[in-house]
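Letter by letter, the chains look like this.
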Amino acid sequence: MKKVINILKFTYFFACFFVLLGNTSFAYIDPSAVTYVIQAVAGVAIAIGAACTVYRHKIMKFFRNQKKKRARRKHQSSGQES
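Source: prediction; values computed, not measured.

Enquirer: Describe the overall build of the protein chain, with residues and values.
Expert: Counting its secondary structure elements, the protein chain contains two helices and zero strands. Relative to its length of 82 residues, the protein chain is extended, with a C-alpha radius of gyration of 26 Å against a globular reference of 12 Å. Its C-alpha atoms give the protein chain principal-axis dimensions of about 85 × 40 × 5 Å. Evaluated residue by residue, the protein chain yields a buried proportion of 0% over its 82 residues.

Dropping the structure here:
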């Protein structure tokens, strides 16, 4: 809870900082500059997606292995009782 409050304080500080100390600028944004921004955002999104996929596969493999180990133990224990 304390971490959430600190994040909210940080966000509030920067929002106030940019609103109170921001200067209005009348400038032309070149379409090629926007393309670079879109490429950067797309690259970050793809990298995050790839990382999530890799970790999702690792997590699924971990649980699959746990399930196999549990089944082996159950099979071995039932074989010993007979």
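Enquirer: Outline a positive patch on the surface, supporting the account with residue identities and numerical values.
Expert: Taken together, the side chains of Lys-61, Arg-64, Lys-67, Lys-68, Lys-69, Arg-70, Arg-72 and Arg-73 present a region of like positive charge at the surface. Mapping Arg-72 onto the fold places it in helix α2 (residues 31–81). Look at Arg-72 and you get exposed, because its relative accessible area is 51%.

Enquirer: Tell me about a nonpolar patch on the surface, residues and numbers included.
Expert: A cluster of nonpolar side chains, contributed by Phe-10, Phe-13, Phe-14, Phe-17, Phe-18, Val-19, Leu-20 and Leu-21, occupies part of the molecular surface with about 910 Å² of accessible area. Mapping Phe-17 onto the fold places it in helix α1 (residues 2–21).

Enquirer: So, the packing of aromatic side chains: which residues are in play, and what are the values?
Expert: Here the structure, examined in full by the defined rule, presents seven aromatic pairs. With centroids separated by 6.3 Å and ring planes inclined at 70 degrees, the aromatic side chains of Phe-14 and Phe-17 adopt a geometry described as edge-to-face. Of this pair, Phe-14 and Phe-17 both sit in helix α1, separated by three residues, roughly a single helical turn. Residue Phe-17 is classed as partly exposed on the basis of its relative accessible area of 36%. Taking 6.2 Å as the distance between ring centres and 35 degrees as the angle between the ring planes, the aromatic pair formed by Phe-14 and Phe-18 counts as tilted.

Reading the values: the criteria
Residues numbered from 1 in each chain as written. Predicted model: local features only at pLDDT ≥ 70, side-chain atom pairs only at ≥ 80, totals over all residues. Heavy atoms only, no water. Helix = DSSP H or I, 4+ residues; strand = E, 2+ residues; numbered from the N terminus. Rg over C-alpha atoms; globule rule 2.2 N^0.38 Å. Buried < 20%, exposed > 50% of the residue type's maximum accessible area, 1.4 Å probe, protein only. Patch = residues over 30% accessible without salt bridge, like charges linked within 9 Å, V, L, I, M, F, W, Y side chains within 5 Å. Areas by Shrake-Rupley, 256 points an atom, 1.4 Å probe, with all protein chains shown as cover. Salt bridge = Lys/Arg side-chain N within 4 Å of Asp/Glu carboxyl O. Lys, Arg positive; Asp, Glu negative; His and termini not counted. Charge placed at Lys NZ, Arg CZ, Asp CG, Glu CD. Phe/Tyr/Trp six-rings, centres within 6.5 Å; stacked < 30°, edge-to-face > 60°.

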